[in-house]
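# Commentary on secondary and tertiary structure
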Amino acid sequence: MTRIRGASVWEQGLYDHVTAHGKNEGEVLKAYEELAASTDSPAFAYLARLILDDERRHHQLFEDLAETIRTSAELSDEPCPIPDLALLKADRERILGETERFLAMERDDNKELERLAKDLKDVRNTTVWQLVVRLMQDDNEKHRRILEFIRDRTRE
Ligand SMILES: [Fe+2]
Ligand SMILES: [Fe+2]
């Protein structure tokens, strides 16, 4: 366990929790890597790789989170991987306008994807195509969540 200089009990506890979880993610990541590499089924490898890509990102996010908690607890001048939320206000007007525009784009995109998914209904059990479209819709939900966060925090 890394002891952080100057950390409060809460900060240290949070850091420990995040690094422990990050280690778990690392093991999950390794398991998926092995799975994707070890199969003779190209379809299975393709799908396992989709999960693997997400797990890689989770691993990176946990690293960013731990590093940011540590750097801010130490009150150091080092830049944090995850910037302070106050910095969102730096470009407030433009951010608000753009965020609304992107939210609308995401909504339109999801309508398009819904139509496409319906077109693929007949092959949903014989191809991976509809699943791929559904996954993009799921991603767009995530994008919406990010954009709404930005909009709401910038407005405040
Ligand atoms: Fe994960
Ligand atoms: Fe999107």
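This text follows the structure it describes.
Right, let's walk through the structure included here. (Residues numbered from 1 in each chain as written. Chains lettered and ligands numbered in written order. Predicted model: local features only at pLDDT ≥ 70, side-chain atom pairs only at ≥ 80, totals over all residues. Heavy atoms only, no water.)

The next thing to look at is the overall build of the chain. Scanning the chain from terminus to terminus reveals four helices and zero strands. The C-alpha radius of gyration of the chain comes to 20 Å, more than 25% above the 15 Å expected for a compact globule of 156 residues. Each principal axis of the C-alpha distribution contributes one length, and for the chain these read about 60 × 45 × 20 Å. Out of the 156 residues belonging to the chain, those deemed buried represent 26%. Relative to all contacts within the chain whose residues are 6 or more apart in sequence, the contacts with residues 24 or more apart total 59%. On the chain, roughly 11,200 Å² of surface is accessible, and the fraction owed to carbon and sulfur atoms is 56%. (Helix = DSSP H or I, 4+ residues; strand = E, 2+ residues; numbered from the N terminus. Rg over C-alpha atoms; globule rule 2.2 N^0.38 Å. Buried < 20%, exposed > 50% of the residue type's maximum accessible area, 1.4 Å probe, protein only. Contact = heavy atoms within 4.5 Å. Areas by Shrake-Rupley, 256 points an atom, 1.4 Å probe, with all protein chains shown as cover.)

Now for the pattern of salt bridges. Evaluation of the coordinates by the stated rule reveals 17 salt bridges. Across the pair Glu-74 and Arg-70 runs a salt bridge, and its minimum N-O distance is 3.0 Å. An identical accessibility class is assigned to Glu-74 and Arg-70; each is buried. One salt bridge in this structure joins Arg-144 and Glu-141, with 2.8 Å as the shortest N-O distance. Taken together, the positions of Arg-144 and Glu-141, both in helix 4 (residues 129-155) and three residues apart, correspond to about one turn of that helix. With a relative accessible area of 38%, Glu-141 lands in the partly exposed category. In this structure, a network of salt bridges that share partners links the residues Arg-5, Glu-67, Arg-70 and Glu-74. (Salt bridge = Lys/Arg side-chain N within 4 Å of Asp/Glu carboxyl O.)

Computed from the structure, the largest pocket encloses a volume of approximately 900 Å³. In terms of lining, the largest pocket is formed by 26 residues, of which the most central are Arg-57, His-58, Leu-61, Lys-142 and Ile-146. Every element with two or more residues in the lining of the largest pocket is listed here: helix 2 (42-73) and helix 4. It is helix 2 that provides the largest number of residues to the lining of the largest pocket, a total of twelve residues. Across the lining of the largest pocket, the residue classes break down as 17 nonpolar, one polar and eight charged. As a volume, the second largest pocket reaches approximately 150 Å³. Residues of the lining of the second largest pocket, tallied by class, amount to seven nonpolar, no polar and one charged. (1 Å grid on protein atoms, 1.4 Å probe; cavity = no way out; pocket = protein on both sides within 12 Å on 5 of 7 lines; lining within 4 Å. Points joined across faces, edges and corners; volume = space filled by probe spheres on them. Nonpolar A, V, L, I, M, F, W, Y, C, P; charged D, E, K, R; others polar.)

So, about the coordination of the iron ion (ligand 1). Within the protein, the atoms that donate to the iron ion (ligand 1) are Glu-25 (OE), Glu-25 (OE), Glu-55 (OE) and His-58 (ND1), at distances of 2.2 to 2.6 Å. Along the chain, the residues that donate to the iron ion (ligand 1) are spaced as E-x29-E-x2-H. Of this pair, Glu-25 sits in helix 1 (residues 9-38) while His-58 sits in helix 2, and the two are 33 residues apart along the sequence. Taking relative accessible area as the criterion, His-58 reaches 31% and is therefore assigned partly exposed. (Donors = N, O, S within 2.8 Å, 3.2 Å for Na, K, Ca; no water.)

A separate point is helix 4. The end-to-end C-alpha distance of helix 4 is 39 Å, a good match for the 39 Å that 27 residues give at a rise of 1.5 Å each. Taken together, the buried positions of helix 4 are occupied by Gln-130, Val-133, Gln-137, Asn-140, Leu-147, Arg-151 and Thr-154. Buried residues in helix 4 make contact with helix 3 (92-119). (Expected span 1.5 Å × (residues − 1).)

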